[in-house]
Amino acid sequence: MATSLVIVESPTKARTIDKFLGKGFEVVASYGHIRDLPNNASEIPASIKKEKWSRLGINIDKDFDPLYVIPADKKKRLKELKALMKDADEILLATDEDREGESISWHLLDELKPKIPVKRLVFHEITKTAIQHSLETSRDIDMNLVKAQETRRIIDRLFGYSVSPLLWKKMAPKLSAGRVQSVAMKLLVERERERIAFKSSEYWDLKAVFAKTDKSGEFEAELTHVGSKRVASGKDFHPNTGKLEDPDKVVLLDEKSSLKLKEHIEKQDAIVTKVDEKPYSTKPPAPFTTSTLQQEASRKLRFAARHTMSVAQNLYENGYITYMRTDSTSLSQEGLNAARGHIEKDFGKQYLSPQPRVYKTKVRNAQEAHEAIRPAGEDFASMDEVKKKLGMEAFKLYELIWKRTLACQMKDAEGMRISVHVTCGDAVFRASGKTITFPGFLRAYVEGSDDPDAELADKEKILPVVKKDEQLDTKSLETLSHTTQPPARYTEGSLIKELERLGIGRPSTWATIVGVVLNRSYAFKKGTALVPTFLASAVTSLMDNYFTHLLNYDFTARLEDDLDAIARGEKDNLEYLKGFYFGNGYAGLKNLVEEGEEKIDPRVVCGVAIGKDDSGREVEVRIGRYGPFLTDGENRASLPDGLAPDEIDVSKADEILEAARRGPESLGNYPGTELPIYLKTGRFGPYLQLGDMEEGSKEKPKMASLLPGLEPSDVDFETAVKLLELPKTLGKNPENNEDILVSNGRYGPYIKCGSDTRTIPLDDMSPLTMTLDDAIKLLKEPKRRGRASTPKNLKELGKHPVTERELTIKSGRYGPYVTDGEINASVPKGVDVENVDMDQAVELLAARAAKIQANGGKTSSKSKAKTKAKSKSKAKAKTKAKTKTKAKSKAKTKAKTKAKSKAKSKSKAKEK
């Protein structure tokens, strides 16, 4: 029987497709790319190693010819695919319908070198209909798409492998630069610089509560005008000076003048001078693209961009949604019919838009080849089915996609906006109201909200019915102080939105770009905000000064345009590569790197200026080999962990430097000596030190770690002395006459008697107050497995927004960790537990879950214990079986020997 070998990227996708294909098809996974440019020297073939370009993996002189190698972990898979190919009559390459997917198919074809027919199957959803249609409309590999992907890969390699070594030489080791990564980092740094330059201002206004004279209703109103001038608000101040941009047009109230105005208003009658009532309608948002899905999942579900894509990939590969990497907002006829059918069935015909809505993509450089992200198939799968099969996170993301898809084909929301102006003397107050007359699409979906019904109620603000010239009672007047706020930092969602607006990156790369910036010490998170580090600021300054146009937003977007043109077959990829590397009306990468080698002065580029102190000394953050540090030219100090660039000025820097100049303060002299006790903070946390390091001496002073859970603020002189006494002998064990020692080790406090040890349970006793009797009693107890004591709860965070499990921060053996009862995720070193909020906890757990999933591991400690127990029992069974086999073979040998000796004695007797 004829067989077709279908090759896809992942086992999940293979299993789903296999369900829709009958006999005669074998569906297998390639596990992603089977070859790539070399990642290290060991992957470079011996015949090429001596070539100058071998490490780069691109022969520039030979028209940028890439060197493709098969990684060690893919060689076995390729061998298996070749074996499967021998029994097949045709090969069907069914990788994803984008540049990356096209490239995977081409690499497979180039390595397998089949002598049987090869077809390319493309589909944007994994359903029976879509798979059948792809079989009927198969095509050849699109070499334009392959060239576009290869070109992107080559320029990214050229950029990274040319610029990164320059950063290592001029700044610090292990730094990285990337064509799009560096541009994303620049956005973060520029926003932080805006925050540093920002000057805050204070302004005041008034809030009133007016009531109808018959007491049938009341409402709040805000002061808008005094006389003919508008009351100043935050938008009227210049962000860099903190002063009014046009002081003649507004009235600026301070505390004194606002109180005076309040006294004046209290004596005036409150008269309604204007009532405006206008109908409004709101259109539903377009169906999801990659970018809008990442933004909404970040807002509603607190998912990191990478986690959103991981969950979406799982939904796609299981056949529940269409392809998740897309910038198109269009829906297929099948999608439109399914969505409109569900609206009529679930909400009623009155909610269905009269005509199918068609959305045009507004994003620069958008590729319309794919459909928007929607539930897959002609009849969308139920949310219960997704929850049962893929779990809560997949269900929540699918619910978002399902609701948004239906909402985009529903009627507009309609209502009335009401504005009421109340005059009190020369002061004018305004109140705004809003009512919803027809909810339309809001019945299914409200952007940024989990509960449409609750949000509908919140969206309404009903004012009592008032008429012009009606007199009102002034129930209360309140003066309010406001401070202007600096521009908000980017979140993952807003950074992706800005990259999309600028035309930088693609749906397949945005999540990776954000992940790389976070993972390379260029940014960290405070809640959901992305904070660039001083290192990011220094690297961006270097790149901006010496690689100016490569970091230009328009230039980077034009490069993306060019890649799209190559994918469409409209532009030559070799011409593009030559322009990028050698230059074409602008300096090429090669020249810029050569100039950088000559001109970049490490003394200049490694400094981030803070300002001048009172003595006129330049205070700056320097990028050192082991990280950034603060200096004024004479003194230097480490920077506190988690300090954002906008949180340090000259006065703050002086404080840090002064503390470093003074050194640690002594808690007192150790009893019986003149050695001071210092409480210090080192690379691995707080510790105690006894005495100073003597000049020329190789002997280090005695040091002692703090007990788990003991905060530096709780360490007084008495506690410090007791900690430095450890290890100490409590006395002799009456049972064996050996010394019992109490100590504080790497994994916490413990006692030791000969070779016998016990961990001290901190919930019940302390090593600092432990007596000999306590130790003898503990030694008599059986050894505890695992943790010696129940982890201490450090902070309750509340319910997880998706799984609804209680999230807690606990103290663990290796430091604090976040747990939902199933997954444990360590709190990063240097992060104060008090600063960990729900958003950060959710991200830590999501990252840990993704890591466990990637490694094919279990998520719970219980399952680990079960696996351990199983492997132990298996090992025991094996040992038992081996012992039995050995015993049997021994018995057999014994019996044989006995039989032989018996036979010998019988033959001897016969001879005699």
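Residues numbered from 1 in each chain as written. Predicted model: local features only at pLDDT ≥ 70, side-chain atom pairs only at ≥ 80, totals over all residues. Heavy atoms only, no water.

Concerning the packing of aromatic side chains
Each aromatic ring pair is specified by the distance between its two centres and by the angle formed by the two planes. Definition in use: Two rings from Phe, Tyr or Trp (for Trp, the six-membered ring) form a pair when their centres sit within 6.5 Å of each other. Planes less than 30 degrees apart are called stacked, planes more than 60 degrees apart edge-to-face, and all others tilted. Between buried and exposed lies partly exposed: a residue is buried under 20% and exposed over 50% of the maximum accessible area for its type, with that area taken using a 1.4 Å probe on protein chains only. Placement of a positive charge over a ring is assigned whenever Lys NZ or Arg CZ falls within 6 Å of the ring centre and within 35 degrees of the normal to the ring plane.
Summed over the entire model, instances satisfying the criterion amount to twelve aromatic pairs. Considering the side-chain rings of Phe210 and Phe219, the 6.1 Å spacing of their centres and the 50 degrees angle between planes classify their relative orientation as tilted. Note on Phe210: relative accessible area 0%, which makes it buried. Overall, Phe219 belongs to the buried group, its relative accessible area being 6%. Aromatic ring contacts, followed pair by pair, group Phe64, Tyr581 and Phe582 into a single cluster. Looking at Arg636, its charged tip hangs above the ring of Phe629, at a distance of 3.8 Å from the centre.

What about the sheet that holds strand β17 (residues 607-612)?
To keep it simple, the criterion reads: Two strands make a pair as long as DSSP finds a minimum of two bridges between them. The way it works is that DSSP assigns letters per residue, a run of H or I at least four long becomes a helix, a run of E at least two long becomes a strand, and they are numbered from the N terminus. To obtain an axis, a line is fitted to C-alpha atoms, over the contacting stretch when the element is a helix, and the angle between two such axes runs from 0 to 180 degrees between their N-to-C directions. In this description, contact between two residues means that some pair of their heavy atoms is separated by no more than 4.5 Å.
The four strands lie next to each other as β17-β18-β19-β20, forming an open sheet whose pairing is antiparallel. The strands lining the two open edges of the sheet, one partner per strand, are β17 and β20 (636-638). Taking each pair of neighbouring strands and ignoring which way they run, the sheet shows an average axis angle of 25 degrees. Strands β17, β18 (618-624), β19 (627-631) and β20 of the sheet are contacted by helix α21 (residues 650-662), whose axis makes an angle of about 95 degrees with β20.

Topic: the pairing of strand β16 (residues 529-532)
Burial of the side chains of β16 extends over both faces: Ala529 and Val531 are buried on one face and Leu530 and Pro532 on the other. In the sheet, strand β15 (residues 523-526) pairs with β16 via four bridges, with the strands oriented antiparallel. Counterpart to Ala523 in the pairing with β16 is Pro532. Here β15 hands over to β16 after two residues, with Gly527 in that stretch at a positive phi of 65 degrees.

Concerning helix α10 (residues 333-346)
Let me state the cut-off plainly: An expected span of 1.5 Å times one less than the residue number is assigned to each helix.
Helix length check: α10 (14 residues) gives 20 Å between terminal C-alpha atoms against 20 Å at 1.5 Å per residue, within 8%. Taken residue by residue, α10 has Gly335, Leu336, Ala338, Ala339, Arg340, His342 and Ile343 as its buried positions. Elements that come into contact with the buried residues of α10 comprise α12 (392-407). One or two positions beyond α10, positive phi appears at Gly348, with a value near 105 degrees.

A closer look at unusual backbone geometry
Between Leu726 and the following residue, Pro727, the backbone shows a cis peptide bond with an omega angle of -5 degrees. Position of Pro727 among the secondary structure elements: in the loop between α22 (717-725) and β25 (728-732). Backbone geometry places Lys174, a non-glycine residue, at a positive phi of 65 degrees. Examined against the element boundaries, Lys174 turns out to sit in the loop between α5 (143-170) and α6 (181-197). With a relative accessible area of 80%, Lys174 lands in the exposed category.

Just distances and angles here, no functional claims.
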